[in-house]
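# Per-entry structural report
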Amino acid sequence: MAANNPATAPYPDIIAAKRQALAVRKAKTPIEAIRALASMQKRPPPVLSTVTNEGEITLIGHLRYRPPTDTLAAPYDPVSRALRFIRQGADAVALFTDFTIYQ
C-alpha cells in the first residue's frame, strides 16, 4: 500500500517498523488507559504566544533526513547543515533521527 503513494514510497522499511512498534504498544496499553491519562494532562500553552526572548523572535532550524533523489546529490551531512543554519541566524537547531534509518 505505501509503495503506491509517492509521498511514502522512499520509506517502506520505516513505515513497516513504525506500524510494528505501534501494534506492540497498542497490545501493551489499551486505548481507554491512554485516553484516561490524556484527560489528566493540562493543555500545553500555545507555542507562538509563549516563546519570547525580550521581544525578539527565536528561530529554530529543523534538520531531517531525506533519501537522495538523484545520484549527484551531496551526501547527508547534518553537522554542516546545522552550522549553515547557525551562520544564517538560527538560534537553535532541532535534529530528528530515527533508529530505523541509522541502524
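Residues numbered from 1 in each chain as written. Predicted model: local features only at pLDDT ≥ 70, side-chain atom pairs only at ≥ 80, totals over all residues. Heavy atoms only, no water.

## Observations concerning the overall build of the chain
- The helix and strand tally for the chain stands at four helices and two strands.
- Counting from the amino terminus, the chain carries its helices and strands in the arrangement α-α-α-β-α-β.
- Classification of the 103 residues of the chain by burial places 8% in the buried group.
- Residue pairs in contact within the chain that sit at least 24 positions apart in sequence constitute 62% of those at least 6 positions apart.
- By element, 60% of the accessible surface of the chain is carried by carbon and sulfur atoms, the whole surface being about 9200 Å². (Helix = DSSP H or I, 4+ residues; strand = E, 2+ residues; numbered from the N terminus. Buried < 20%, exposed > 50% of the residue type's maximum accessible area, 1.4 Å probe, protein only. Contact = heavy atoms within 4.5 Å. Areas by Shrake-Rupley, 256 points an atom, 1.4 Å probe, with all protein chains shown as cover.)

## Looking at the pairing of strand E1 (residues 60-64)
- Where burial is concerned, the two faces of E1 differ: the one with Gly61 and Leu63 is buried and the one with Ile60, His62 and Arg64 is not.
- In the sheet, E1 pairs with strand E2 (residues 92-96) via five bridges, with the strands oriented parallel. The residue of E2 that forms the bridge with Leu63 is Leu95. (Pairing = 2+ DSSP bridges.)

## Thoughts on the confidence of the model for the chain
- Averaged over every residue, the pLDDT of the chain is 76; the share at 70 or more is 70%.
- When the elements of the chain are averaged for pLDDT, helix H3 (residues 47-50) gives the smallest value, 62, and helix H2 (residues 31-39) the largest, 90. (pLDDT = per-residue confidence, 0-100.)

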